[in-house]
Amino acid sequence: MLLITRPAREAARWVDDFRAAGVEAVALPLIAIEPLDDPAPLRAAWQRLSDYDALMFVSAAAAEHFFRGIDVGLPSGLRFWATGPGTTRGLCEAGVPLSSIDAPAADAPQFDSEHLWALVASQVRPGTRVLIVRGGDATGQANGRDWLAREVQVAGGLCDAVAAYRR
């Protein structure tokens, strides 16, 4: 039996997928995802969308919370980077056209920043601006792995981060 420890909403989908594949699975969410207490930085990021060439989403939760309650048009040509199929699904559910999303294939051996970078590195040139949308700590401060941000900077790009939810 598999124990799925993802946040509740994601865990339910994973359990369904595993059960459909004939694997016994049960949800045991170990992380709670909550809205930010102060959404001002998130709103400010929305007001600056035209400053960015790409937005990188670390999870489906990041996509869901980033787009929740926001009614701003998406700039033409903006790319959306997703680490895997769950994040891609979250972006599509938020209304992002699939043609604007870059992500590892659904059958990729791994879903992480390294595999995403292999697909999007050619988009980054000096001056390219990327916003990483991720979770935050209990106070809402964006936190997480900075590997992709460092790669963007090495390639001459500029990287910002914003928390879309808190754990």
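Residues numbered from 1 in each chain as written. Predicted model: local features only at pLDDT ≥ 70, side-chain atom pairs only at ≥ 80, totals over all residues. Heavy atoms only, no water.

**Q** How do you make sense of the side chain of Thr128 when you look at a structure like this?
**A** Looking at the element boundaries, Thr128 is found in the loop between helix H5 (113–120) and strand E6 (129–136). Not counting the four nearest positions on each side in its chain, Thr128 is found in contact with Asp53, Gln123, Gly157 and Leu158. (Helix = DSSP H or I, 4+ residues; strand = E, 2+ residues; numbered from the N terminus. Contact = heavy atoms within 4.5 Å.)

**Q** For this particular structure, what's the right way to read the pattern of salt bridges?
**A** Side chains that differ in sign of charge can pair as their charged atoms come close. Tallied over the entire structure, the rule returns six salt bridges. The shortest N-O distance in the salt bridge between Asp102 and Arg79 comes to 3.0 Å. Of this pair, Asp102 sits in strand E5 (residues 101–102) while Arg79 sits in strand E4 (residues 79–82), placing them 23 residues apart in sequence. By relative accessible area, Asp102 is classed as buried at 15%. (Salt bridge = Lys/Arg side-chain N within 4 Å of Asp/Glu carboxyl O. Buried < 20%, exposed > 50% of the residue type's maximum accessible area, 1.4 Å probe, protein only.)

**Q** Explanation requested: the packing of H5 against helix H6 (residues 147–154) in the structure shown.
**A** The description of two helices packed together rests on the angle between their axes and the distance between the axes. Their axes nearest at 9 Å, the elements H5 and H6 cross at an angle of 25°. Compared by their axis directions, H5 and H6 come out roughly parallel. Crossing of H5 over H6 shows right-handed handedness. Across from Ser113, Glu114, Leu116 and Trp117 in H5, the residues of H6 making contact are Trp147, Leu148, Glu151 and Val152. Looking at the contact of H5 with H6 residue by residue, the classes come out as five nonpolar, one polar and two charged. (Axes fitted to C-alpha atoms, helices over the stretch in contact; angles between N-to-C directions. Parallel < 35°, antiparallel > 145°, perpendicular 65-115°, else oblique. Left-handed = near helix turned anticlockwise from the far one by under 90°. Nonpolar A, V, L, I, M, F, W, Y, C, P; charged D, E, K, R; others polar.)

**Q** I would appreciate a short explanation of helix H2 (residues 40–47) in the present structure.
**A** Working note: α-helix, 3.6 residues per turn, so residues spaced by three or four point in the same direction. Of the residues making up H2, those classed as buried are Leu42, Ala45 and Trp46. One side of H2 holds all its buried residues, which, seen down the axis, span an arc of 100°. Residues of H2 that are buried sit in contact with helix H3 (60–67), E6 and strand E7 (158–166). (Arc of directions from axis to C-beta.)

**Q** I keep staring at the packing of aromatic side chains and nothing clicks. Help me out?
**A** Two numbers describe a pair of aromatic rings. These are the distance of the centres and the angle of the planes. For the structure on display, the rule yields eight aromatic pairs. Each ring, one from Trp14 and one from Phe18, has its centre 6.3 Å from the other, and the planes form 45°; the classification is tilted. Here Trp14 pairs with Phe18, and both are found in helix H1 (residues 8–20), just four residues apart, close to one helical turn. Relative to Phe66, the ring of Phe57 lies with its centre 5.4 Å away and its plane at 75°, an arrangement referred to as edge-to-face. What links up through ring pairs into an aromatic cluster is the set Trp46, Phe57, Phe66, Phe67 and Phe80. (Phe/Tyr/Trp six-rings, centres within 6.5 Å; stacked < 30°, edge-to-face > 60°.)

**Q** Any chance you could explain the layout of surface pockets here in plain terms?
**A** Rolled over the atoms, a probe as big as a water molecule pinpoints where empty space is left. In this model, the largest pocket occupies a volume close to 1100 Å³. Lining the largest pocket are 43 residues, and of these Arg6, Glu10, Val58, Ser59 and Ala60 lie nearest its centre. Broken down by element, the lining of the largest pocket gets its largest block of residues, seven residues, from H1. Along the lines of polarity and charge, the residues of the lining of the largest pocket split into 19 nonpolar, 11 polar and 13 charged. Of the voids in this model, the second largest pocket is the one considered here, and its volume is about 150 Å³. Residue lining of the second largest pocket: Pro35, Leu36, Pro39, Leu42, Arg43, His65, Arg68, Gly69, Ile70 and Ala164, and that is the complete set. For the lining of the second largest pocket, the residue count by class is six nonpolar, two polar and two charged. (1 Å grid on protein atoms, 1.4 Å probe; cavity = no way out; pocket = protein on both sides within 12 Å on 5 of 7 lines; lining within 4 Å. Points joined across faces, edges and corners; volume = space filled by probe spheres on them.)

**Q** Please explain the sheet that holds E4 as it appears in this structure.
**A** Whether parallel or antiparallel, the strands of a sheet pair through hydrogen bonds between backbone atoms. As summarised here, the arrangement of the five strands in space is E5-E4-E3-E6-E7, forming an open sheet in which the pairing is parallel. Every interior strand has two partners, whereas the edge strands, E5 and E7, have only one. Here strand E3 (residues 54–57) runs beside E4; their pairing, made up of four bridges, is parallel. Of the residues in E4, the one forming a bridge with Phe57 is Ala82. Of the strands in this sheet, E6 and E7 are in contact with H2, which crosses E7 at around 135°. (Pairing = 2+ DSSP bridges.)

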